[in-house]
Amino acid sequence: MRDAVTSLIRRYDGTGRYLDRNAIDSLKSYFETGTGRIAAAAVINGNAAAIVKQAGSQLFDELPELIRPGGNAYTTRRYAACLRDMDYYLRYASYALVAGDMNVLDERVLQGLRETYNSLGVPIAPTVRGVQIMKDIVKDMAAEAGVQNTGFIDQPFDHLTRELSEQDL
Ligand SMILES: CCC1=C(C)/C(=C/C2=NC(=C\c3[nH]c(/C=C4\NC(=O)[C@H](C)[C@H]4CC)c(C)c3CCC(=O)O)/C(CCC(=O)O)=C2C)NC1=O
């Protein structure tokens, strides 16, 4: 698992370079967004259950066929599995926000996930929609909590979206 600083050092050490202008700029931007990252993680931590619940009901409002007979989230067991997955995405997104690096998502969440989803018939597009709904909720809550520039919050949610959506070769 890596964060913005260890990733950068690993890259520079790999080629035996001192931290140059680019490195300093990216470190600066990581530390400048530090307070916001922590505030966003606090917002997620304090509202996780509500965020998942709200995102779930919005998702099922938009795509009611998911919870009808034949839908992948139909039956209480699968409905619960779906919300649990959303909770995983949210929790790991909060880690990635603090780390300023997406490596934790690659290692702990995304590895093998598409294969699992494909084999269970879990539809990717609605999952991605659920992730994006959570992103919007978190950004609104962070803004309300006084986070100035919430753009950095996109990163983990968009990373999950991008990696999940990637077509099989
Ligand atoms: C921390 C990393 C991690 C992730 C990400 C994870 C995902 C994950 N989701 C699963 C199932 C599932 N995931 C869903 C999710 C959905 N179905 C829908 O229609 C919706 C679009 C969507 C919710 C948004 C459902 C319904 C199942 C159960 C499918 C089944 O058993 O038939 C399974 C299969 C095993 C199980 O049921 O627990 C895994 C491994 N597990 C992990 O350990």
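Residues numbered from 1 in each chain as written. Predicted model: local features only at pLDDT ≥ 70, side-chain atom pairs only at ≥ 80, totals over all residues. Heavy atoms only, no water.

1. Remarks on the UniProt feature "binding site: (2R,3E)-phycocyanobilin" (unreviewed entry) in the protein
Annotation from UniProt places "binding site: (2R,3E)-phycocyanobilin" (unreviewed entry) at N72, R77 and C82. The subset of these annotated residues that lines the largest pocket comprises N72, R77 and C82. By the secondary structure assignment, R77 is in helix 4 (residues 76-99). For C82, the location among the structural elements is in helix 4. Not counting residues within four places of it along the chain, the set of residues in contact with C82 comprises F60 and A73. (UniProt positions renumbered as here; feature names shortened; annotations may be inferred. 1 Å grid on protein atoms, 1.4 Å probe; cavity = no way out; pocket = protein on both sides within 12 Å on 5 of 7 lines; lining within 4 Å. Helix = DSSP H or I, 4+ residues; strand = E, 2+ residues; numbered from the N terminus. Contact = heavy atoms within 4.5 Å.)

2. Comments concerning the environment of A48
With respect to the helices, strands and loops of the structure, A48 is situated in helix 3 (residues 34-62). The spatial distance from the C-alpha of A48 to the C-alpha of D101 is 21 Å, given a sequence separation of 53 residues.

3. Concerning helix 8 (residues 154-165)
With twelve residues, helix 8 should cover 16 Å at 1.5 Å per step; its first-to-last C-alpha distance of 16 Å lies within 8% of that length. Regarding helix 8, the residues found buried are P156, F157, H159, L160, T161 and L164. Contact partners of the buried residues in helix 8: helix 4, helix 5 (103-110), helix 6 (113-120) and helix 7 (124-144). (Expected span 1.5 Å × (residues − 1). Buried < 20%, exposed > 50% of the residue type's maximum accessible area, 1.4 Å probe, protein only.)

4. Thoughts on the nonpolar core
Of all hydrophobic cores here, the largest spans 38 residues; its most connected members are Y89, L90, L105, M134, I153, F157 and L164. Elements supplying a minimum of two residues to this core: helix 3, helix 4, helix 5, helix 6, helix 7 and helix 8. A per-element tally of this core places helix 7 first, with eight residues. Sequence-distant contacts of L105, that is, excluding residues within four places in its chain, are made with Y92, A93, A96, L110, P156, H159 and L160. (Core = buried A, V, L, I, M, F, W, Y, C linked by side-chain atoms within 4.5 Å.)

5. Notes on the UniProt feature "modified residue: N4-methylasparagine" (unreviewed entry) in the protein
Cross-referencing UniProt, the feature "modified residue: N4-methylasparagine" (unreviewed entry) maps to N72 in the present numbering. As for its position among the elements, N72 is in the loop between helix 3 and helix 4. If we ignore the near neighbours within four places in the chain, the residues touching N72 are L66, R78, L120, G121, V122 and P123.

6. Considerations on the site of the ligand
Surveying the vicinity of the ligand reveals 24 residues, the closest of which are N72, R77, C82, R84 and D85. Contacts to the ligand include N72, whose side-chain N or O atom sits 2.8 Å from a nitrogen atom. The separation between an oxygen atom of the ligand and a polar side-chain atom of R77 is 3.1 Å. Taking 880 Å² as the accessible area of the ligand by itself, protein coverage stands at 81%. Here the ligand occupies the largest pocket. For the shell around the ligand, the secondary-structure elements that each account for two or more residues are helix 4, helix 5, helix 6 and helix 7. With ten residues, the single largest contributor to the shell around the ligand is helix 4. When the residues that make up the shell around the ligand are grouped by side-chain class, the tally is 16 nonpolar, three polar and five charged. (Near = heavy atom within 4 Å. Polar contact = N/O pair within 3.5 Å; in protein donor to acceptor, adjacent residues only side chain to side chain. Areas by Shrake-Rupley, 256 points an atom, 1.4 Å probe, with all protein chains shown as cover. Sits in = over half its atoms within 2 Å of the grid points. Nonpolar A, V, L, I, M, F, W, Y, C, P; charged D, E, K, R; others polar.)

7. Here we look at helix 1 (residues 4-14)
Listed in full, the buried residues belonging to helix 1 are A4, S7, L8 and Y12. All buried residues of helix 1 project into a common sector of 125° when viewed along the axis, lining one side. Away from its buried face by more than 90 degrees, helix 1 exposes R10, D13 and G14. If you follow the buried residues of helix 1, they end up packed against helix 2 (21-32) and helix 4. The opening residue of helix 1 is D3, an N-cap whose side-chain oxygen sits 2.9 Å from the backbone nitrogen of V5. (Arc of directions from axis to C-beta.)

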